[in-house]
Every structure is written in C-alpha cells, then in structure tokens.
Amino acid sequence: MEVLVILVPLALGLGLVGLLGFLWSLKSGQYDDLEGAAWRAIADDEPSHETPPD
Amino acid sequence: MQATRDFSHYVRDLGSGLSHIDLAVEGVSCAGCMSKIERGLSAIPDVTLARVNLTDRRVALEWKQGALDPGRFIDRLAELGYKAYPFETVRAEAVEADNSRFLLRCLGVAAFATMNVMMLSIPVWSGSAGDMIPEQRDFFHWLSALIALPAAAYAGQPFFRSAFRALRTRNVNMDVPISIGVTLALAMSVVETLRHAEHTYFDAAIMLLTFLLVGRYLDQSMRLKTRAFAGNLAALKAETAIRLVGAGEISVVPVAAIRPGDIVLLRPGERCAVDGTVIEGRSEIDQSLITGETLYATAEHGSAVYAGSLNISGALRIRVSAASQGTLLAEITRLLDNALQARSRYVQLADRASRLYAPVVHATALLTIFGWVLIGASWHDAIVTGIAVLIITCPCALGLAIPTVQTVVSGAMFRAGVLLNSGDSIERLAEVDHIIFDKTGTLTLPELDVVNSASIPTEVFDLAGRLALASHHPVAAAVARAANAKSPLAGIVEQPGQGVRGVVDGEEVRLGRPSFCKADDLANEILSLDPEVSAVAFMRGEQRHVFAVRQRLRSDAQDVVCALQARGIAVEIVSGDREPAVRAAAQTLGISEWRAGVTPADKIARIEDLKRQGFKVMMVGDGLNDAPALAAAHVSMSPISAAHLSQATADLVFLGKPLAPVIAAIDFSRQALHLMRQNLWLAVGYNLLAVPIAISGVVTPLIAAAAMSGSSVLVMLNALRARRVAPRRS
C-alpha cells in the first residue's frame, strides 16, 4: 500500500493540471464562440491565401 | 453638401499602432459565411485581424492605426451581402458576460473537486467494510478535506453572496438553505475527520455545488445569448444623425456620439434619433411612435421634437437637448418613476418555495437532534444525524427545479421570436388573464402600407413605385415599398410639397397630392370611405389612380385576438389615437372593449382599476406614452420597433411583423409554470422519501450522494419537456 504515497499525489497532480488547463482556456477566450470553433476545425485552409469563393 | 460617415466613436485604440472595432453583422449563420467574411476582410491591405464570432454574430477587426476608414469595412461587407454596423457593448451585456465567465470558472473548480473527491470516496465506501485500515481511511478523508474546502470556498461564492444579500434585507431565498447545508456538511465532516470517524460528507457537499452551478450557468448563458442578440438588433438599427460641423458641412455620426448642444439636420422622410428643439425650418412630423396619435403635428421654431418622430415634409435643424425637458417627456418620466416604484414586489415562485421550505427543513433537523437526545443518544450522534437530515434535504433538486425550466423555456421563446428582458417574467406572464393592447405600432405595423393595392393594375403599381423612389416623403416611400420597386426612373423632378413628375414613353407621369395629379374626385371617394388614409394620386396621360396609404393591422392580429379570447384572456384596446381610428380597429378585430384618446396617466389608471378587480394585466405597447403603463402592468411586452424607453421597460420584446409571438410567449410561459410546479412537487416527493431515512440515522454518504444526483437528474429531464408546447388551434 506504500504505492498510494506516489499514486494519490500523482492523480491529484494530473487533475490539477487539467483544472489549470481549463482555467487557462477560459481566460484566453476559447469559450467565447463555441459555434464558430466547431466549424473552424473543419475549415479547409488559412483564409488569407485563397480567393473568395463566389 | 457632402456627408461623411464618422465612426470614430466606436474605434478603440489598442496602443502599439493598432485600432480595433466590433461590428454586428446580420445574416451570418454558417461556416461558409464565416470564411467568406474573414477572407473578404483580410484581403483589405493593412487589416491585421478579422475574426467572426458565429455565436454572437459579430466581427472583430484590427488594422494599422490611421490606415483605413472603418466605413470601408461596412461597404466591403455590404458587397459580400451582409448588413453590418459598429457595435458598442452596453454595460448590461458586459456584466452578464463577466458573470457567465465567473460561473463557468466556479463550475470548473467544483467539477474538478467533485471528480477528485469521488476518486477518494469510492475506495472508502467500498473498502471500509473490508480490508481498508482506519489510518488509510483517515488519510483519504484528510485529502478530501484538502480538496473540498478550498474548492467549496471558491465555487460556493455565487450562493454565499446571494444568501448573504437576501439575509441582509431580511429575506430568505433558495441560496440560504443551500449555503447553510453546504457549510454545515463541510464543518461536520472536518469534525468527524478529526475524530477518526467512518463517515464524512465532503463528496456530497461539493457535488451539490457542481449540480447547482450547472443549472446556474445554463440559465446565465441563455440570458447572455438573449442580451447579445438584442444588442445586435439595436446596433443594426444603425441609428445615425446628421450633425452640422461647420458652415454648410455635415457629417453622419452614430447617435451615441451626439452630445447635448449639437445641432443636427433632420431631412424629410427621416426618423429623428435625438430629443431636442427646432431652431430652424418648418415641417409636419409624425409622432405616432411617441403619442400613438396618427395625425401629423406641426413642428416649427421652438417646438420640442422627440426621438422616434418621423419628419414628413420639410428639413429641420434641431438643437439637441441635454435632458428630456419637454412637457410630454417630463410627464412620462415622472409617471414611469412612480409606476416602477409602485410595481408590486412580485415574489418569485422559487423564493416563495424557499420561504416555506427553509423553516420546515431546519425545524425538522432540530427536532431530529432533540428527538435522538431524548431517546438517549449522545449529543454528538444526535447532531451528526441532524446534519445528515440537512444534507439529504439540501435543496439540490429544489435549486434546479426553476432555473432549468427557465433556461429551456427562454431558449424556446427565443426561437419563437420573443426576448426576455427580466427572468421572472415567465411566471408573471403565465398568470395573465387580461391583455391591454396599444393600437398604433402594436396592433398595427409601424410602417405605412398601401391598402388598396388589389384594385390597382400591376403595371401602374410598378411604374408608380419606381416613380416614388425619387421622393423622400414617407407616404411615397410606402408606395415604393409596396410595389417592391428597385430601379428609379431617370429624369424625375420633385416639386416640394406637391409630388414628383417626369416623362415615360412620351407621356407625362405624376405622383403626389391628388390636386397635383388632378384626381381630387377619386381621392375624395376613397377618403369618404376611410378617413384614416393618406391619398396619393398617380397620373399617366389621361389615366388616374389613387393609392390609399395607412398603417395596416398586423396580418395575424385578428387570429391572435381570437386565440387569446379562446384561452379565456380578455382583450382590450387602450390607445392615445383618435376615436374613429381606434373604433375601426376594434371592430375589425372583434374587440368590444376599447378606449381612445387616452393619456399616459389614464392608461395607468385603467390598469390600476383592473388590478383592483383582481385581474392580472398584461400591457402590450410600443409608444413612449405606453412606457409608464408597461411598468405599471403585471407583465408587459413591446414590439422590437418600439421606442427605446418602452423597450427597456417591457419585460418581453417580440420580433418581426406578426403578432403571433404574443400567443407563443403565453403558451410557453404557461407550460413553464406547470413544469416548475411539477418540478417543485418532484423535489418535495423526493424529500418525503429521503427525510425519514435521514431521521432514522441510517444515511451513509453513499446514500446521500446517490439520492442527490438521482433527484437532480430527474428534475433536469423534466425541465427539458418545456421545449415542446402542443400547438393549440382556436
């Protein structure tokens, strides 16, 4: 059971990393436009290199 | 005089040589639009950022300072087929956005803590009977405390603050029992951990906060969505004024940039966007948006002009006034203040429930403690059982019962074209049994329309429409709109105060006053049938036609009135307009109760009178003169075309031309109230089952956690039913 001394802090540490990641993503505005983000993921390319489609 | 557009009011200087502007864009709905706009705008040199927000329907733009005029972005978007206008975040929306972000942060913290405490609790639940040694259990409890205490202190803030606010004003809301329950559960768990006891409730307390925060966050984000949408609508109205900057020099500026003392020019056919006094010029103005009166008033030197007035005939110069000082507006402001103060402090269903709930639960917990002591249990065991009662009754389901329904219903209303201004209006709306409609702009459409289009040949109508494009007169504009005219005719001359004329295929054509077109007989015939209309005559060679132009009733007004009456709601018209106009509308709609020529004060008096008779009155109105009545009524609604003050006062705002959203709003709110009550009963039923178990002292943390999540999920699922309202035919 000595392994708990390593495993429990490890688990909590990983959880904390997840929480900090979430807080960072929130702060950097990644939840401001959920609808747009969903579409951007499947957009073809960087906008600036192409001619506008008609 | 060449007008320049001046958007500098909206441009923010970011420092480092960059400027920023936010635009509200209409019609952005898909990924295609998003990339089209971003490509189109990025192609402009010196633009460093063009990013569409598809949720809020906005575009953020940044460019090298001084290199570009913001007007160019709007033109570019217009070329791409989108209407756009600069946007300024109003304070209310910024507050909602901050709130929403804070709740999400709390939710993140609470969810993290719940998951990790659960990771520690499950081994304790499953292992404490068998092979877990007490030292390990204590270690796990200490770790749980380490996670749960700071997390609850942070994530519980929304509840603690609200409870504290309520207590300070000697009130009880749902957050009071929630805060007490969570605090006591955590405190007891710490004490039990110190005593090396078997059961602690860190998991239950933090899970409770997580569930409640989910409900709060959903509620908040729905509210934010409504606000953002309303903000866009306001921005896209693109209210501008023509400001005189120097001798003969004018610039078109957004209304937000107009300061008191500025002089603005109001041309014929334009709607005034400011309050002020006429300093030069003479004209007729249509004040129907302000007073409900459809007859034109004369404006000349010294007359007060209010935002929302439509200028009909001549150009006016207006000095913008600092505060609303006109007699009418001052009177309305005074009435509005009184009505808002007197607005009976409506106690929301949730607060009424918690007023009953909190004393009962706390008394039960106390009785449990004393009961166990009397039977002979130790004080410690009795208190632990008493707190277990509080934990198990902690109003998880009760706290979710109402916000979840509100969220789902406001979403459904949003899709039906109804925006909620105040959250508790759903409950008040569901109780309505008497509706007072204003006539002008509410039962009728705000714009003028041609009512006799059926009796006019199509080719005449088309030609008249194209001719009408040459005039600024609102009545001509109505003809052009009704004819759906797009291409103006060449060589048309406007004769001020008379009409327009030109030559088509060698024949003279005229559109304007009946006398100008030599069609007085025809016009008189139409006027004698309906004295409300404005007659516009059309002449081509020997041909004569007369268009009857007036405000038309909303196309579905009659159906809506019937449907309302079928639901047992009394309908009545109270209007500031003249008697013949109101009587005609009432007769067409089959409304027997109507009042004409009513002042703002009399509107309130009528509402108070109905209130005394025990009716729950809804006021639907749009004019500035309706604003006090909107505030005085039990619940109120405005069309989106309403005056600013009225829109801000009304509880709900509906979009579009049909009146049907009124029915939809009532149906949804009734369904919502039904579900809220049902949810409260579900929560009560759960408590009736769970409390005896808690009193008997056999509750373990596992039972508490299971019961709490079970009841919460049940209530949330029930709330989802609010999306479906069976369409009722009258």
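Residues numbered from 1 in each chain as written. Chains lettered and ligands numbered in written order. Predicted model: local features only at pLDDT ≥ 70, side-chain atom pairs only at ≥ 80, totals over all residues.

1. Focus: the packing of helix α18 (residues 557–566) of chain B against helix α23 (residues 660–695) of chain B
Axes are the key here: two packed helices are described by the angle between their axes and the distance separating the axes.
Residue and element names in this part refer to chain B.
Phase 1 of the analysis: Taken N-terminus to C-terminus, the directions of α18 and α23 make an angle of 25 degrees; their axes are 9 Å apart at the nearest point. Accordingly, the angle class assigned to the pair α18 and α23 is roughly parallel. In this structure, α18 uses Val560, Ala563 and Leu564 to contact α23, whose residues at the interface are Ala660, Val662 and Ile663.
Phase 2 of the analysis: Per-class residue counts for the contact of α18 with α23 are six nonpolar, no polar and no charged. (Axes fitted to C-alpha atoms, helices over the stretch in contact; angles between N-to-C directions. Helix = DSSP H or I, 4+ residues; strand = E, 2+ residues; numbered from the N terminus. Parallel < 35°, antiparallel > 145°, perpendicular 65-115°, else oblique. Contact = placed C-beta atoms within 7 Å. Nonpolar A, V, L, I, M, F, W, Y, C, P; charged D, E, K, R; others polar.)

2. Examining the interface of chain B and chain A
Phase 1 of the analysis: Contacts between the two partners involve 24 residues from chain B, matched on the other side by 23 residues from chain A.
Phase 2 of the analysis: Elements that contribute at least two residues to the side of chain B that touches chain A include exactly α1 (31–42), β4 (47–53), α3 (91–127) and α4 (134–155) of chain B.
Phase 3 of the analysis: Among the elements that line the side of chain B that touches chain A, the one with the most residues is α3 of chain B, at nine residues.
Phase 4 of the analysis: Its residues assigned to classes, the side of chain B that touches chain A comprises ten nonpolar, eight polar and six charged.

3. Re the pairing of strand β3 (residues 18–25) of chain B
All names here are of chain B.
Phase 1 of the analysis: For strand β2 (residues 12–15) and β3, the ladder comprises three bridges, and the chain directions are antiparallel. The residue of β3 that forms the bridge with arginine 12 is histidine 20.
Phase 2 of the analysis: Note: β3 against strand β5 (residues 58–64), seven bridges, orientation antiparallel. Across the sheet, residue leucine 23 finds its bridge partner in β5, namely valine 59.
Phase 3 of the analysis: Here β3 runs beside strand β6 (residues 84–86); their pairing, made up of three bridges, is antiparallel. For valine 25, the partnering residue across the bridge sits in β6 and is alanine 84. (Pairing = 2+ DSSP bridges.)

4. Regarding the confidence of the model for chain A
Phase 1 of the analysis: Of the residues in chain A, 78% reach a pLDDT of 70 or more, and the chain-wide mean stands at 79.
Phase 2 of the analysis: Of the regions scoring below 50 in pLDDT, residues 47–54 of chain A engages in eleven contacts with residues more than four places distant in sequence or in other chains. (pLDDT = per-residue confidence, 0-100.)

5. A look at the sheet that holds strand β12 (residues 297–299) of chain B
Residues and elements named next belong to chain B.
Phase 1 of the analysis: Pairing within the open sheet is antiparallel, and its three strands lie in the order β12-β11-β14. The two strands at the open ends of the sheet, each matched to only one other strand, are β12 and β14 (310–311).
Phase 2 of the analysis: Of the strand pairs in this sheet, strand β11 (residues 283–286) and β12 are connected by three bridges, and their pairing is antiparallel. Bridge assignment links glutamate 284 to a residue of β12, and that residue is threonine 298.

6. Considerations on the environment of leucine 266 of chain B
Residue and element names in this part refer to chain B.
Phase 1 of the analysis: As for its position among the elements, leucine 266 is in strand β9 (residues 263–266).
Phase 2 of the analysis: Separated by twelve residues in the primary sequence, leucine 266 and valine 278 place their C-alpha atoms 9.8 Å from one another.
Phase 3 of the analysis: Here leucine 266 is in contact with Cys272, Asn311, Ala315, Leu316 and Ile318, once residues within four sequence places are set aside.

7. Focus: the domain arrangement of chain B
Phase 1 of the analysis: Under the domain assignment used here, chain B contains domain 1 (1–88), domain 2 (417–445 + 554–669) and domain 3 (446–553).
Phase 2 of the analysis: In this structure, domain 1 of chain B and domain 3 of chain B have C-alpha centres spaced 39 Å apart. (Domains from an automatic or database assignment.)

8. Describing the sheet that holds strand β21 (residues 507–512) of chain B
Residue and element names in this part refer to chain B.
Phase 1 of the analysis: Across the sheet, which stays open at both edges, the six strands sit in the order β18-β23-β22-β21-β20-β19 with antiparallel pairing between neighbours. Either end of the sheet is taken by a strand with one partner, and the two such strands are β18 (444–450) and β19 (493–495). The sheet shows a mean angle of 20 degrees between the axes of neighbouring strands, taken without regard to direction.
Phase 2 of the analysis: Note that strand β20 (residues 499–504) and β21 share six bridges and pair antiparallel.

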